[in-house]
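Examining the three-dimensional arrangement
Okay, here's what each chain looks like letter by letter:
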Amino acid sequence: MERYLEPVANPRRRVIILGVLLIPVLLSWRIGVVWQLLACLMPVMLTGTYRVSRLTGERFDTQFHLGFVPLKRLQCRLQAVVYLLTIYQSGQGWGTFFLFGPVQWLIGHVFDYLIPSLGGPYEIWLETAKGRQILAWNGYNQQLFEKNLELLRSRTGAEVRLR
């Protein structure tokens, strides 16, 4: 049985959103081709950066996509997982707001929501018997964190530890 950690990335939906975001760039032909290509970079990175993690039978695998380009796939056997390491990083609080101003604070929160695969205060790591650590999930949503942690705990039988 195959189960994906949530939220499940939908590449088709991401490509549609990318197309909508690129319409103004493509209509601005006066800025030149080089500037149009540079203006396309940010929407491609925002929509095409995500992680796909899944449990297939007795295996776990995860693959990170950066700008729709799949990076190295990491795999392990579920029986080899001895610990589920969890992290909560408070990150951007009021101290950041007072030190760097509201703009930096706001941009940090916006990026946590737009690209949770690159940030977010919640992380779940798998640690195998050989000491290898694999990032299974990270994001901003506490309910998804708890749901994914419970799924991994039930399938691996591993001990949950704070990191």
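Please read these numbers as outputs of a predicted model, since none were measured by experiment.

In this structure the tally under the stated criterion is 6 salt bridges. E6 is paired through a salt bridge with K147; the nearest N and O atoms lie 2.9 Å apart. In this pair, E6 sits in the loop between β1 (2-4) and α1 (11-27) while K147 sits in helix α5 (residues 142-156), placing the two residues 141 residues apart along the sequence. Taking relative accessible area as the criterion, K147 reaches 43% and is therefore assigned partly exposed. In this structure, D61 engages R54 in a salt bridge whose closest nitrogen and oxygen atoms are separated by 3.1 Å. A relative accessible area of 7% means that D61 is categorised as buried. Its relative accessible area of 22% is what places R54 among the partly exposed residues. Linked by salt bridges that have partners in common, E2, R54, D61 and R73 make up one network.

This brings us to the sheet that holds strand β5 (residues 81-88). Pairing is mixed across the open sheet formed by 4 strands, whose spatial order is β7-β6-β5-β8. Bordering the open sheet on either side are β7 (133-139) and β8 (159-162), each of which pairs with just one other strand. Neighbour-to-neighbour, the strand axes of this sheet turn through a mean angle of 25 degrees, independent of strand direction. Against the sheet, α5 engages β5, β6 (122-128), β7 and β8, with an angle of about 15 degrees to β6.

Positive charge collects at one region of the surface, where R59, K72, R77, K130 and R132 lie side by side. On the secondary structure map, R77 appears in strand β4 (residues 69-77). R77 gets classed as partly exposed once you look at its relative accessible area, which sits at 46%.

Between its first and last C-alpha, helix α2 (residues 33-47) extends 21 Å over 15 residues, near the 21 Å set by a 1.5 Å rise per residue. All of the buried residues in α2 are Q36, C40, P43, L46 and T47.

We now examine the packing of aromatic side chains. Within this structure, the stated rule accounts for 3 aromatic pairs. Here W137 and F145 contribute two aromatic rings whose centre-to-centre distance is 6.1 Å and whose plane-to-plane angle is 40 degrees, an arrangement assigned as tilted. The burial state of W137 is the same as that of F145; both residues are buried. Ring pairs connect the aromatic residues Y88, Y122, W137 and F145, which therefore count as one cluster. Its end group placed over the ring of W125, R163 keeps NZ or CZ at 4.7 Å from the ring centre.

The next point concerns the pairing of β5. Remark: a regular strand shows side chains that alternate across the two faces of the sheet. Where β5 meets β6, 7 bridges bridge the pair, whose relative direction is antiparallel. Looking at the pairing, Y88 lines up with Y122 of β6. Summarising the sheet, β5 and β8 pair through 4 bridges and their orientation is parallel. In the sheet register, L85 faces β8, and the bridge partner there is R161.

Criteria and cut-off values
Residues numbered from 1 in each chain as written. Predicted model: local features only at pLDDT ≥ 70, side-chain atom pairs only at ≥ 80, totals over all residues. Heavy atoms only, no water. Salt bridge = Lys/Arg side-chain N within 4 Å of Asp/Glu carboxyl O. Helix = DSSP H or I, 4+ residues; strand = E, 2+ residues; numbered from the N terminus. Buried < 20%, exposed > 50% of the residue type's maximum accessible area, 1.4 Å probe, protein only. Pairing = 2+ DSSP bridges. Axes fitted to C-alpha atoms, helices over the stretch in contact; angles between N-to-C directions. Contact = heavy atoms within 4.5 Å. Patch = residues over 30% accessible without salt bridge, like charges linked within 9 Å, V, L, I, M, F, W, Y side chains within 5 Å. Areas by Shrake-Rupley, 256 points an atom, 1.4 Å probe, with all protein chains shown as cover. Lys, Arg positive; Asp, Glu negative; His and termini not counted. Charge placed at Lys NZ, Arg CZ, Asp CG, Glu CD. Expected span 1.5 Å × (residues − 1). Phe/Tyr/Trp six-rings, centres within 6.5 Å; stacked < 30°, edge-to-face > 60°. Lys NZ or Arg CZ within 6 Å of the ring centre and 35° of its normal.

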